[in-house]
Every structure is written in structure tokens, then in C-alpha cells.
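Listed below, chain by chain, are the residues.
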Amino acid sequence: EYQKRLKAIKRCFSFLLKEFGFELVNDQVSRYGVTALYLSPAAGVEVCYQPRENGGILVDLIRLIKGEVPSYPDSSLNSSTLHTFDFRDLLYLRKNRFEEDPREKLKKNIPFSAEEAAILLKQYCNDVLLGDFSVFSQLEEIVKQRAKVLAEKYPTND
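Residues numbered from 1 in each chain as written. Predicted model: local features only at pLDDT ≥ 70, side-chain atom pairs only at ≥ 80, totals over all residues. Heavy atoms only, no water.

A. Up close: unusual backbone geometry. Residues other than glycine seldom take positive phi values, yet Lys66 does so here, at roughly 50°. With respect to the helices, strands and loops of the structure, Lys66 is situated in the loop between strand S4 (57-63) and strand S5 (84-86). By relative accessible area, which is 82% here, Lys66 ends up exposed. We note that Asn109 has phi near 55°; this positive angle belongs to a residue other than glycine. (Helix = DSSP H or I, 4+ residues; strand = E, 2+ residues; numbered from the N terminus. Buried < 20%, exposed > 50% of the residue type's maximum accessible area, 1.4 Å probe, protein only.)

Shown next, in the form of C-alpha cells:
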């Protein structure tokens, strides 16, 4: 099952190699699912299939730092600069640009298939794929606001 998922991801996201100059630098199958990491000189795209995450495809957009994938901040999200974002947040920002079906899936948090995710990535995230991260400041606000709401709703005793 997981090998078939990896094959589908590689097929659907092959446009990254052909059209955007990415390289598939890592693909792996584990008991948790499937991950494929694509890198260009400026950007990264991590595509995951994890049955526990609604059984859909997860896509992270990554701004590379000196050609490397930066680590995600462990704590103090507010004082950190974020370099990795779920492409669903970017799609949500741009939801008025596309038809109803993807908008419904975003609104209801319905997972995308590999084919759907690849098409949406190519059509609506190509600025990031080409190394233009200007939208990341808006995405950072969204993520930090979401984290703030969650922290207020579920306080920790740190």
C-alpha cells in the first residue's frame, strides 16, 4: 500500500523536477506513512501521506536557508521566523482564485489526493516554487495567530 502511495506521489509531483528544477533528495516509507522531499536551490517541498492525518496528502512549502532545510522552532513561536508552511494555508489565502471544489475541501478540512495536491501546488503556489517567498510573512501571521488561539484554549503549565 505505502509503496503504491510513494509511486503516485512521485508521478504526480514529477512536474517539480521537469518544470521547476527541483531534485528528489529523499523518499522514504515507514510504518507511519510516506514522505518525499524535493529541493531546488531556494525552495523545498515535502509531500507526505500519513493515514493518521485524515488519509490525505500533506504538502509543506519550505524556504531553504543556505541551501538547507531549516529546523522547525521548538518553542517561542512568536519570536521565531518561520520557514515552513502547510500549502493549505497558502491555498486558503488564494481561495478566491480557484473553483468551488478545492474551496469546499479547504473549508471542511477534507484531504486532497496526490493528484489534486499536485495540480493545486503547480497552479497556485508557483511563486514559492520559483523562490519568491514574499507571501510567507502573511502565512507566518496566520500560523502565529492560530498558535496563540490554541495556547489560550489549551494553556500549559510551563
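B. Looking closely at the packing of aromatic side chains. Counted under the stated rule, the structure contains 6 aromatic pairs. A centroid spacing of 6.1 Å and a plane angle of 65° characterise the contact between Phe87 and Phe112, whose relative ring orientation is edge-to-face. Taken together, the residues Phe87 in helix H3 (residues 87-93) and Phe112 in the loop between helix H4 (100-107) and helix H5 (114-124) connect sequence positions 25 residues apart. Classification of Phe87 as buried rests on a relative accessible area of 0%. (Phe/Tyr/Trp six-rings, centres within 6.5 Å; stacked < 30°, edge-to-face > 60°.)

C. Spatial organisation of the pattern of salt bridges. Inspection of every chain in the model, using the stated rule, returns 9 salt bridges. Across the pair Lys107 and Glu104 runs a salt bridge, and its minimum N-O distance is 3.5 Å. With a gap of 3 residues between them, Lys107 and Glu104 both fall in helix H4, about one helical turn apart. Relative accessible area serves as the criterion here: at 63%, Lys107 is assigned to the exposed category. Overall, the relative accessible area of 23% leaves Glu104 in the partly exposed class. One salt bridge connects Glu140 with Lys144, and the closest N-O pair in it is separated by 2.7 Å. (Salt bridge = Lys/Arg side-chain N within 4 Å of Asp/Glu carboxyl O.)

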